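Survey of secondary and tertiary structure
Below, each chain spelled out in residue letters.
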2 protein chains.
Amino acid sequence: MDAVELNFWFEFGSTYSYVSAARIGAAAARAGVPVVWEPFLLGPIFAEQGWDDSPFNVYPAKGRYMWRDMERLCSKYGIPFARPSRFPRSGVAAARVACFAGKTKEPWLPDFARAVFRANFADDREIGEADEVRSILDSLGLPGARIFDEAHAPANRQRLREQTRRASELGIFGAPSFVVGGELFWGNDRLEDALAWAGADQ
Amino acid sequence: MDAVELNFWFEFGSTYSYVSAARIGAAAARAGVPVVWEPFLLGPIFAEQGWDDSPFNVYPAKGRYMWRDMERLCSKYGIPFARPSRFPRSGVAAARVACFAGKTKEPWLPDFARAVFRANFADDREIGEADEVRSILDSLGLPGARIFDEAHAPANRQRLREQTRRASELGIFGAPSFVVGGELFWGNDRLEDALAWAGADQ
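Treat the numbers as computed from the prediction; the structure is a model and nothing was measured.

This part covers the overall build of chain A. Counting its secondary structure elements, chain A contains ten helices and four strands. Listing each helix as α and each strand as β along chain A from the N terminus yields β-α-β-α-α-α-α-α-α-α-α-β-β-α. Expected size for 202 residues packed as a compact globule is a radius of gyration near 17 Å; at 16 Å, chain A falls within 12% of this value. Principal-axis analysis of the C-alpha atoms gives chain A an extent of 45 × 40 × 35 Å. Residue burial in chain A is summarised as follows: out of 202 residues, 53% are buried. In chain A, of all internal contacts separated by at least 6 residues, the share reaching a separation of at least 24 is 72%. Accessible surface computed for chain A: about 8800 Å², of which carbon and sulfur atoms make up 51%. Separation between the mean location of the 24 positive side-chain charges and that of the 27 negative ones in chain A comes to 2 Å.

Here it is as structure tokens:
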């Protein structure tokens with residue numbers, strides 16, 4: 001029986017989403033599982049839980065731990081990492097572009113997403129700013145200014161809001177999350193389990 | 001170079017502590033890492049974070065996810081599991097006994113801890129009640145009534161409070177946590193990383 005697809009829900013401001021974005025391509029290829037990249041925003045999801053900031057800022061002990069954990073994880077996986085000077089950075093502009101790419105099934109979506117994550121978590125760049133997002137698109141050989149404008153049209157802004165609503169309806173409360181059929185898996189640590197679930201005879 | 005020891009910080013009311021308690025004996029033996037069992041209470045730690053209940057009750061989406069995740073994890077590891085009818089159950093009485101056993105380096109501490117976790121998360125027993133804790137001790141061939149009384153003497157109650165204060169000083173904010181030298185690892189998912197850290201040439 002064929003593997004079912006895995007929906008990869010990510011947020012550009014999320015540290016552990018970065019780790020999964022860096023790992024998922026090779027891991028899914030080995031497992032023979034097709035991946036659908038699903039950008040969304042954690043802000044509205046966290047607001048439902050009563051937070052107006054990242055829980056890693058709201059809870060300092062958890063935050064201190066997370067930064068050390070990221071150093072160890074990225075070292076283990078060979079992923080470049082430098083703690084950004086601002087956290088969290090807004091992922092809204094980049095998520096609109098990713099959402100626009102997802103809608104028209106652009107093949108550059110994963111490359112774009114990985115480049116944004118790297119800019120944020122390895123190169124300390126201000127991914128929340130329009131110029132940075134356009135420049136990342138340009139660096140991939142894409143027409144950055146045009147794509148950015150299309151991604152910021154009202155219909156596409158609405159599309160991202162609907163993505164985030166869908167995430168909430170799926171029971172998603174953090175990122176990254178993986179959805180396989182009706183099963184939700186939360187956290188970079190669950191990537192292998194989610195791929196195994198997708199690959200198993202359902 | 002010899003492996004350094006791993007300190008296993010657990011709370012009897014914690015679902016993921018149960019999973020680690022069931023796994024750590026065999027995993028640590030394979031890695032050649034000595035384990036010190038460190039009971040503590042999450043209540044005072046959660047209170048510092050502003051919660052008067054388990055975060056899995058405070059945040060319902062996270063709670064729904066956790067119960068399904070526990071079913072999958074326990075199935076994967078072959079650990080018996082049944083969602084308890086009360087959650088969380090108080091681990092205070094059992095933690096006092098574990099603390100008492102730890103102080104005198106009683107060899108029955110790991111067996112006692114595993115039996116309490118199983119009673120809570122496989123057999124739906126009221127581990128917060130004195131009779132249940134005494135009966136678990138008796139079932140291990142130990143003098144339950146005597147040990148329970150000694151564990152509830154003022155000096156040992158104070159010992160558990162100090163354990164919990166030590167946990168907080170170590171930066172622990174949840175359970176299970178693993179401490180190896182100065183490194184903190186949080187969550188059942190980090191057991192293998194913590195063992196590797198302990199086994200590596202430090």
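And the narrative resumes.
What follows is about the pairing of strand 1 (residues 6-10) of chain B. Residue and element names in this part refer to chain B. Within strand 1, five of the five residues are buried, leaving the element largely enclosed by the surrounding structure. Of the two faces of strand 1, the one carrying Leu6, Phe8 and Phe10 and the one carrying Asn7 and Trp9 are both buried. Sheet topology places strand 1 next to strand 2 (residues 35-39); five bridges connect them, and they run parallel. Note that in strand 2 the partner of Phe10 across the bridge is Pro39.

This brings us to helix 1 (residues 15-31) of chain A. Residues and elements named next belong to chain A. Compared with an ideal rise of 1.5 Å per residue, which puts 17 residues at 24 Å, helix 1 spans 24 Å between its outermost C-alpha atoms and is within 8% of the ideal. Of all the bends in helix 1, the greatest measures close to 45° and is centred on Ile24. Among the residues of helix 1, Thr15, Tyr16, Ser17, Tyr18, Val19, Ser20, Ala21, Arg23, Ile24, Ala27 and Ala28 are the ones counted as buried. In the stretch just after helix 1, Gly32 is the one whose phi turns positive, near 70°.

Using the criterion set out here, one finds 34 salt bridges over all chains in the structure. With a shortest N-O distance of 3.7 Å, A:Glu38 and A:Arg166 are connected by a salt bridge. Pair noted here: A:Glu38 is in strand 2 (residues 35-39) and A:Arg166 is in helix 9 (residues 154-169), with a separation of 128 residues, a long-range link. A:Glu38 gets classed as buried once you look at its relative accessible area, which sits at 7%. Given the relative accessible area of 36%, A:Arg166 is considered partly exposed. Here the residues in one salt-bridge network are A:Arg68, A:Asp69, A:Glu71, A:Arg72, A:Asp189, B:Glu183 and B:Arg190, joined through shared partners.

It is worth spelling out the interface of chain A and chain B at this point. Frequently, the measure chosen for interface size is the accessible area removed from exposure when the parts meet. Every contact between the two is made by 22 residues of chain A and, on the other side, 22 residues of chain B. Here chain A meets chain B over a buried area of about 2100 Å², counting both sides, of which 49% is carbon and sulfur. Here chain A and chain B share ten salt bridges between them. Summed over the shared surface of chain A and chain B, the number is 17 residue pairs in polar contact (both at pLDDT 80 or more). Those elements giving two or more residues to the side of chain A that touches chain B turn out to be helix 4 (60-77), strand 4 (183-186) and helix 10 (191-199) of chain A. Residue contributions to the side of chain A that touches chain B peak at eight residues, all from helix 4 of chain A. By residue class, the composition of the side of chain A that touches chain B is eleven nonpolar, two polar and nine charged.

Grouped together as the largest cluster of nonpolar side chains are 139 residues, with contacts concentrated most on A:Phe12, A:Phe112, B:Phe12 and B:Phe112. Apart from residues lying up to four places away in sequence, B:Phe112 is in contact with B:Phe12, B:Ala94, B:Val97, B:Ala98, B:Val133, B:Ile136, B:Leu137 and B:Leu140.

Scoring rules and cut-offs
Residues numbered from 1 in each chain as written. Chains lettered and ligands numbered in written order. Predicted model: local features only at pLDDT ≥ 70, side-chain atom pairs only at ≥ 80, totals over all residues. Heavy atoms only, no water. Helix = DSSP H or I, 4+ residues; strand = E, 2+ residues; numbered from the N terminus. Rg over C-alpha atoms; globule rule 2.2 N^0.38 Å. Buried < 20%, exposed > 50% of the residue type's maximum accessible area, 1.4 Å probe, protein only. Contact = heavy atoms within 4.5 Å. Areas by Shrake-Rupley, 256 points an atom, 1.4 Å probe, with all protein chains shown as cover. Lys, Arg positive; Asp, Glu negative; His and termini not counted. Charge placed at Lys NZ, Arg CZ, Asp CG, Glu CD. Pairing = 2+ DSSP bridges. Expected span 1.5 Å × (residues − 1). Bend = angle between axes of the 7 residues up to and from the residue. Salt bridge = Lys/Arg side-chain N within 4 Å of Asp/Glu carboxyl O. Buried area = accessible area lost by both parts, 1.4 Å probe. Polar contact = N/O pair within 3.5 Å; in protein donor to acceptor, adjacent residues only side chain to side chain. Nonpolar A, V, L, I, M, F, W, Y, C, P; charged D, E, K, R; others polar. Core = buried A, V, L, I, M, F, W, Y, C linked by side-chain atoms within 4.5 Å.

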